[in-house]
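Descriptive analysis of the structure
Below are the chains, spelled out letter by letter.
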Amino acid sequence: MAAHTPSPQAQLLLGLAIAGGGLLGSFNGQAQAQALPKPSCPLVVPASQKLLQPRRIQANQVQAKNAMGCLSPADAMYGADGCPLRMCGADAGVIQLPKN
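Reference entry: report on the structure contained in this document. (Residues numbered from 1 in each chain as written. Predicted model: local features only at pLDDT ≥ 70, side-chain atom pairs only at ≥ 80, totals over all residues. Heavy atoms only, no water.)

Turning to the overall build of the chain, a few remarks are in order. Of regular secondary structure, the chain possesses 2 helices and 4 strands. Reading the chain from its N terminus to its C terminus gives the helix and strand order α-β-β-α-β-β. When each of the 100 residues of the chain is scored for burial, the buried share is 27%. Partitioning the intrachain contacts of the chain with sequence separation of at least 6 by distance along the chain shows that 29% fall at a separation of at least 24. (Helix = DSSP H or I, 4+ residues; strand = E, 2+ residues; numbered from the N terminus. Buried < 20%, exposed > 50% of the residue type's maximum accessible area, 1.4 Å probe, protein only. Contact = heavy atoms within 4.5 Å.)

Written as structure tokens, this is what we have:
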């Protein structure tokens, strides 16, 4: 059976899904965790909601992530350094279903 190579977008999503708790993974047949660089990013959410702050991504993932657009209201658009610049908002990533 031939090996399937995921698209760059699928690899990014897989890395983000594996990441959790501030770590990012990469897909080379196995997940490999890497510590995120410091210092931390400025908050794009109110300080009282800092647990909802989107995680920093690797700088080389920013272009692919931003090209995918907003995947959900809790998603963010990212700057060149991998820090979130702004939250996507309430209407982002929402798919209207047809009414019966």
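Time to look at the pairing of strand E4 (residues 84–87). Bridge analysis of strand E3 (residues 76–78) against E4 gives 3 bridges, and the strand direction is antiparallel. From the neighbouring strand, Tyr78 faces E4, where its bridge partner is Pro84. Here E3 folds back onto E4 in antiparallel fashion, the turn holding 5 residues, of which Gly82 has a positive phi close to 95 degrees. (Pairing = 2+ DSSP bridges.)

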